[in-house]
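These are the residues of each chain, in order.
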Number of protein chains: 2
Amino acid sequence: MTVKNAFYAQSGGVTAVINASAAGVIETARQHPDQIGTVYAGRNGIIGALTEELIDTSLESVDDIAALRHTPSGAFGSCRYKLKSLEANRAEYERLIEVFKAHNIGYFFYNGGGDSADTCLKVSQLAETLGYPIQAIHVPKTVDNDLPITDCCPGFGSVAKYVATSIREAGFDVASMAATSTKVFILEVMGRHAGWITAACGLANEGEGQPPHILLFPEIEFDQAAFLARVDECVKNHGYCVIGVSEGIKNSAGKFLSESGLTDAFGHAQLGGVAPTIAKLVQEELGYKYHWAVADYLQRSARHIASKVDVDQAYALGQAAVKIALEGKNSIMPAIRRLQDAPYEWDIIEAPLKDVANVEKFMPRDFITEDGFHITQACRDYLSPLIQGEDFPPFKNGMPHYVTLKRQTVAKKLPPFTV
Amino acid sequence: MTVKNAFYAQSGGVTAVINASAAGVIETARQHPDQIGTVYAGRNGIIGALTEELIDTSLESVDDIAALRHTPSGAFGSCRYKLKSLEANRAEYERLIEVFKAHNIGYFFYNGGGDSADTCLKVSQLAETLGYPIQAIHVPKTVDNDLPITDCCPGFGSVAKYVATSIREAGFDVASMAATSTKVFILEVMGRHAGWITAACGLANEGEGQPPHILLFPEIEFDQAAFLARVDECVKNHGYCVIGVSEGIKNSAGKFLSESGLTDAFGHAQLGGVAPTIAKLVQEELGYKYHWAVADYLQRSARHIASKVDVDQAYALGQAAVKIALEGKNSIMPAIRRLQDAPYEWDIIEAPLKDVANVEKFMPRDFITEDGFHITQACRDYLSPLIQGEDFPPFKNGMPHYVTLKRQTVAKKLPPFTV
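Described below are features of the structure shown in this document. Each chain has its residues counted from 1, running along the sequence as written. Here the convention is simple: chains get letters from A, ligands get numbers from 1, in the order in which they are written. Owing to the predicted nature of the model, reporting of local features is limited to residues with pLDDT of at least 70; listing and counting of side-chain atom pairs is limited to 80 or more, with chain, interface and lining totals taken over all residues. Side-chain numbers here rest on the full set of heavy atoms in the structure, without hydrogens or water.

1. Section: the pairing of strand S2 (residues 36–42) of chain B
Residues and elements named next belong to chain B.
- Any residue under 20% of the maximum accessible area for its type is buried, any over 50% is exposed, and the rest in between are partly exposed; the area is computed with a 1.4 Å probe on protein chains only. Segments assigned H or I by DSSP are reported as helices when at least four residues long, segments assigned E as strands when at least two residues long, and all are numbered from the N terminus. For S2, the buried fraction is high: 6 of the 7 residues fall into the buried class.
- Pairing of strand S1 (residues 4–10) with S2, which is carried by 4 bridges, proceeds in the parallel orientation. Looking at S2, one finds that Ala-6 is bridged to Val-39.
- In this fold, S1 hands off to helix H1 (residues 18–30), which returns the chain to S2; that crossover is right-handed.
- When DSSP finds two or more bridges between two strands, those strands count as paired. By the bridge criterion, 3 bridges tie S2 to strand S3 (residues 54–56) in an arrangement that is antiparallel. What sits directly across from Gly-42, in S3, is Leu-54. Here the term right-handed applies to a crossover when the path leading from its first strand over the helix to its second strand runs clockwise, the strands being oriented away from the viewer.

2. Description of helix H7 (residues 156–177) of chain A
- The span you would expect from a helix comes to 1.5 Å times its residue count less one. For H7 of chain A, which comprises 22 residues, the first-to-last C-alpha distance of 31 Å matches the rise-based estimate of 32 Å (1.5 Å per residue) to within 8%.
- For H7 of chain A, a buried count of 21 out of 22 residues is recorded, marking the element as mostly surrounded by other parts of the structure.

3. Concerning empty space enclosed by the protein
All names here are of chain B.
- Of the two site types, the cavity is a set of points on a 1 Å grid over the protein atoms alone where a 1.4 Å probe fits but cannot get out, and the pocket is an open set with protein on both sides within 12 Å along at least five of seven lines, each lined by residues with an atom within 4 Å of a point. Grid points are joined across faces, edges and corners, and a volume is the space filled by probe spheres set on the points. Within this structure, the stated rule accounts for 2 cavities of 30 Å³ or more.
- Considered as a void within the structure, the second largest cavity measures approximately 30 Å³ in volume.
- Forming the walls of the second largest cavity are Cys-152, Cys-153, Phe-156, Gly-157, Val-309, Asp-310, Gln-313 and Leu-386.
- At the level of secondary structure, the elements contributing two or more residues to the lining of the second largest cavity comprise helix H7 (156–177) and helix H13 (308–326).

4. Looking at helix H4 (residues 90–102) of chain A
All names here are of chain A.
- Relative to the 18 Å expected for 13 residues at 1.5 Å per residue, H4 spans 18 Å between its end C-alpha atoms, a close match to the ideal helical length.
- Listed in full, the buried residues belonging to H4 are Glu-92, Tyr-93, Arg-95, Leu-96, Ile-97, Val-99 and Phe-100.
- Those residues of H4 hidden inside the fold are in contact with helix H2 (46–50), strand S3 (54–56), strand S4 (105–112), helix H5 (114–124) and helix H6 (126–130).
- Directly after H4, the chain includes Asn-104, whose backbone phi takes a positive value near 50°. We call two residues in contact whenever any of their non-hydrogen atoms come within 4.5 Å of each other.

5. Focus on the pairing of strand S11 (residues 345–352) of chain B
All names here are of chain B.
- Sheet topology note: the strand S10 (residues 332–340)/S11 ladder contains 8 bridges and is antiparallel. Counted as the bridge partner of Ala-335 is Ile-349 from S11.
- The turn joining S10 and S11, which pair antiparallel and follow one another in sequence, is formed by 4 residues.

6. Let's talk about the environment of Ala-164 of chain B
- Along the polypeptide, Ala-164 of chain B turns up in helix H7.
- Between the C-alpha atoms of Ala-164 of chain B and Glu-284 of chain B, which are 120 residues apart in sequence, the distance is 28 Å.
- Not counting chain neighbours up to four residues away, the residues in contact with Ala-164 of chain B comprise Met-399 of chain A together with Ala-200, Cys-201, Leu-203 and Ala-204 of chain B.

Here it is as structure tokens:
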């Protein structure tokens with residue numbers, strides 16, 4: 001069998017465990033020198049392929065590649081860049097082929113979410129569209145947990161563990177301050193369209209009256225009157241109210257709250273900050289003292305509180321991607337299949353890329369309580385396994401010790417190309 | 001020796017380790033039944049003493065009291081309530097004495113910051129002012145780290161470890177996104193007057209070019225032009241810029257930035273949010289894509305990433321408070337004395353309460369670089385020991401498992417009293 005080199009790239013918003021997938025890909029490829037030569041990583045995702053900026057991962061030590069398993073974010077650089085259709089930008093595809101040819105690349109591993117799956121799908125079709133033989137395998141990744149077919153998406157479990165832990169801790173704080181100070185606390189989490197991360201906040205509540213008391217999902221139209229009534233009832237019954245809100249909640253007009261008239265009174269939409277919007281509303285309508293937090297990047301980079309299940313799945317999917325490629329397959333995304341809830345058992349299946357690309361998986365309605373303000377038992381049964389287990393990184397000088405790779409690129413063989 | 005009961009209360013903003021001090025007080029008191037009877041904890045701080053809501057800690061199990069060591073926030077409830085002067089509100093002091101008499105209380109342990117030290121000082125003077133014999137000992141606590149005499153304040157080390165870890169993790173995230181997306185990230189941390197928490201963000205930077213690149217301290221007047229120039233230079237040199245900012249930074253007019261004209265354009269001051277203020281400024285003046293986070297309560301309640309040194313000191317100070325009381329002393333605050341930086345060695349000394357009350361300790365100017373945008377080696381030598389060691393709480397169902405006490409109050413013996 002002829003030896004071909006491999007291209008690996010990270011795409012879209014990064015996560016606490018995408019580098020664990022990278023470790024899975026690189027370590028597994030290194031075990032098959034008879035089939036895979038060098039794994040080149042694209043500097044800043046697919047852009048690195050277009051600009052011929054190929055990081056030679058063979059120059060990275062065994063220890064450093066292993067350390068990727070506990071290092072958050074994209075070690076090779078990620079990008080927000082979606083290939084246009086072949087018709088719209090044929091030059092880009094021809095350039096990709098030039099670069100692949102110049103560096104003898106026969107394997108393409110793309111680590112990303114829905115948009116990236118679409119890019120990977122287009123690359124997987126290069127054989128038929130432009131006659132260049134390549135095997136493109138997509139490695140799933142997204143904190144939004146919105147990819148179809150797979151039971152969950154690597155990156156989500158760790159964000160879920162982070163937000164559940166954080167809102168529980170903040171809840172204890174507010175409970176002790178409520179008598180004379182803060183009565184309402186709002187935590188804004190990610191999830192522009194799908195409420196999976198907001199739902200994960202709900203895991204912190206394990207009994208009547210425990211925080212969070214209210215969750216606001218992007219799938220549920222924001223009902224101001226019902227919300228305020230619930231907050232008031234909660235403060236009167238429990239002395240305080242802790243709220244988890246998705247950055248993407250919309251009002252009855254279908255507008256993002258962070259872009260609604262409400263916001264204009266004290267915050268431009270581009271600032272994000274639906275939490276302060278909600279906080280202001282609570283203060284103006286109910287007069288309760290509030291505090292709010294916006295986790296933003298902290299939630300998706302919090303490798304220090306990563307879910308062990310998430311780390312294991314991220315690594316296993318990178319590993320599986322290489323095995324699938326070595327079996328001669330193309331246009332596939334390895335996916336997690338749930339075998340049972342408790343104890344959680346899972347294995348990996350092969351999903352056709354065409355069924356994954358550009359499909360968004362939202363929260364099923366029966367995962368949200370009828371009143372729209374919390375999660376159901378069915379949702380807990382789904383979410384709980386994904387945050388199980390701790391996988392603390394090594395600490396040095398009192399802080400997590402993460403690796404920074406050499407990221408040395410190979411000599412370019414082609415003329416420059418501007419993206 | 002006659003047996004007297006003890007009163008313990010938590011005051012002001014809570015921390016990740018104030019309950020460790022409570023455990024130190026209660027467990028140590030339980031070892032001296034010949035001198036200390038029951039430890040009554042005030043429900044919601046000093047207010048519990050005034051309203052005669054006394055939690056009987058003898059009804060809490062040995063395991064639950066031990067679990068306080070790894071449980072964040074104030075298990076008995078805290079309060080923001082400062083006793084007025086004897087002249088201004090004699091009735092409150094007379095009420096305290098009635099309650100203390102009714103429940104045979106001879107020891108007063110108050111766990112709080114500067115304002116609380118003042119309350120504790122006033123209580124310690126009840127013998128001379130109103131002829132009631134009591135020993136009042138103050139147990140230091142504040143994430144602001146602004147108490148005098150003591151090397152540091154319990155609660156601060158854990159916030160320091162949290163913000164250093166979080167800004168490091170977010171820094172890795174931004175570094176991987178910067179090529180095509182976010183170039184500037186801003187983390188807002190607590191510290192209205194003192195920049196200790198902002199300084200702790202600086203520990204994440206262990207080499208040239210590492211994040212955070214810029215720190216904005218409340219002790220340094222915000223110079224918009226110099227700041228923007230530094231941000232621009234940083235993005236041009238490193239590709240991105242990570243900023244740690246104190247909620248309390250002020251402009252040249254001495255106004256909080258979150259209350260300045262800047263803010264009005266897109267955010268009322270009461271929303272807090274100096275991070276979005278800075279973010280907007282960066283976007284308008286430099287045009288860089290940004291993200292921002294506001295940690296708020298998450299930072300001071302993050303027991304999951306607490307500093308072991310901080311937990312140990314919090315417990316030891318609670319323990320010391322009881323020992324000092326048993327030696328017949330009054331009007332004292334046990335304080336941490338640093339014996340050496342590396343390896344960090346410390347012991348506990350006795351600080352006269354009159355030297356502690358209402359004194360704020362700010363960052364020494366030589367802890368901040370000349371340009372005002374980062375910390376010096378002297379500051380690192382001071383801060384680094386305080387975040388050493390991990391003390392992870394037990395996990396259950398994938399989340400930290402914290403204790404909630406019974407909090408059963410004893411029967412009231414006196415007529416109601418309204419605060």
